[in-house]
Amino acid sequence: MTTTTLTDASASVSEVLRSAGPRPPRPSALSTSLSFGWRALLKIKHVPEQLFDVTMFPIMFTLLFTYLFGGALAGSTTAYVQFLLPGILVQTVVMITMYTGVTLNKDIEKGVFDRFRSLPIWRPSPLVGALLGDVVRYTLASVIVLILGLIIGFRPAGGMLGVAASIVLLLVFSFCLSWVWTMIAMIVRTESAVMAVSMFILFPLTFASNIFVDPQTMPGWLRAFVEVNPVSFLVTSIRSLMSGDTDVTALTVTTVMCAGFLGVFGPITMRLYNRKT
């Protein structure tokens, strides 16, 4: 009796599956990554406080450093903002990349990524999608800094083309750098630990750089670090693009560093992600 019932049930399931038509094709890597990117943006919609770091911090940093150091270092805020704004743009966006790791660690702790790994999708798409969603945040921060800079007197000699190229370079660098924080998110246990480790790395990179002053005035030991700092190369590249006089050497080094971040930390992150329980 039981065997007959099970056989009938199996036959019914088979008939339903046949009548449902062919199985839908497996989604592409691009479509799944964009879907997870949209998920990241929807989280911002439901928790708009997440935009605080890309709206208020850029305004605060730009105004604070311009009017705090402008008169002392360049004689006037108008003169100093021409030097500072490309650097403060880099600092603002690079500093908020750490929230990629914080958000990712939170999802891991909630068990969401265990469900993602069971789906028939391209394995890296949850991570790539989260990073693509953050690129929107980086773009918003960049636009805010540029608009504020124009209001207080910044005038890029490179024109709109130079500014657009600078933003693209900054977004690419930030996307590649974010893989460092995704790796850290896979290693440490809590989101507060992710933030602590990220800040420990980011503070020397952003403040011990050429963002605020020319390295020529620094002590030799500090200047040696500043001149090989990845952020310094990025700032030099963006300054040159915005001024209309491209520094090919700095741009090449920055591009190689982007490839290095992605090529080294991307595979490490995926290995840790696949082994995460």
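Note that this is a predicted model, so its numbers are computed, not measured. (Residues numbered from 1 in each chain as written. Predicted model: local features only at pLDDT ≥ 70, side-chain atom pairs only at ≥ 80, totals over all residues. Heavy atoms only, no water.)

Secondary structure summary: the chain contains 12 helices and zero strands in total. Starting at the N terminus and walking to the C terminus, you meet the elements of the chain as α-α-α-α-α-α-α-α-α-α-α-α. Excluding contacts between residues fewer than 6 apart, the proportion of contacts in the chain whose partners are at least 24 apart in sequence is 79%. For the chain, the exposed area adds up to about 14300 Å²; of that, 70% sits on carbon and sulfur atoms. (Helix = DSSP H or I, 4+ residues; strand = E, 2+ residues; numbered from the N terminus. Contact = heavy atoms within 4.5 Å. Areas by Shrake-Rupley, 256 points an atom, 1.4 Å probe, with all protein chains shown as cover.)

Ranked by internal contacts, the top residues of the largest apolar core, which has 66 residues, are Ile88, Val90, Leu127 and Leu234. Of the residues forming this core, the biggest block, 16 residues, is contributed by helix H8 (residues 159-187). Among all residues touching Ile88, those that are not within four sequence positions of it are Phe61, Thr62, Phe65, Val145, Ile211 and Phe212. (Core = buried A, V, L, I, M, F, W, Y, C linked by side-chain atoms within 4.5 Å. Buried < 20%, exposed > 50% of the residue type's maximum accessible area, 1.4 Å probe, protein only.)

Turning our eyes to something else, we now look at the confidence of the model for the chain. Scored by pLDDT, the chain has a mean of 85; 90% of the residues are at 70 or more. When mean pLDDT is taken per element in the chain, helix H11 (residues 230-243) scores highest with 95 and helix H1 (residues 2-19) scores lowest with 53. (pLDDT = per-residue confidence, 0-100.)

With that out of the way, let us pick up the packing of aromatic side chains. What the rule picks out here adds up to 12 aromatic pairs. Considering the side-chain rings of Phe65 and Phe69, the 5.8 Å spacing of their centres and the 25° angle between planes classify their relative orientation as stacked. Taken together, the residues span about one helical turn, with Phe65 and Phe69 both in helix H3 (residues 52-74) at a distance of four residues. Given the relative accessible area of 29%, Phe69 is considered partly exposed. Through pairs of rings, three or more aromatic residues link up here, namely Phe57, Phe61, Phe65, Phe69, Phe203, Phe207 and Phe212. (Phe/Tyr/Trp six-rings, centres within 6.5 Å; stacked < 30°, edge-to-face > 60°.)

On to the pattern of salt bridges. Inspection of the entire model under this criterion finds four salt bridges. Residues Arg137 and Asp134 are paired through a salt bridge, measuring 3.4 Å at the closest nitrogen-oxygen approach. Of this pair, Arg137 and Asp134 are both found in helix H7 (residues 125-151), three residues apart, which corresponds to roughly one turn of the helix. Of the two residues, Arg137 and Asp134, neither departs from the other in class, the shared state being buried. (Salt bridge = Lys/Arg side-chain N within 4 Å of Asp/Glu carboxyl O.)

This paragraph deals with the side chain of Thr97. With respect to the helices and strands, Thr97 occurs in the loop between helix H4 (77-96) and helix H5 (98-110). Residue contacts for Thr97: discarding those within four places in its chain leaves Tyr138, Ser174, Leu177, Ser178 and Trp181.

Assignment of secondary structure puts Arg223 in helix H10 (residues 220-226). Between the C-alpha atom of Arg223 and that of Ser209, which follows or precedes it by 14 residues, the distance is 8.6 Å. Setting aside chain neighbours within four positions, we find Arg223 in contact with Pro215, Gln216 and Met218. A distance of 2.7 Å separates a polar atom in the side chain of Arg223 from a polar atom in the side chain of Glu227. (Polar contact = N/O pair within 3.5 Å; in protein donor to acceptor, adjacent residues only side chain to side chain.)

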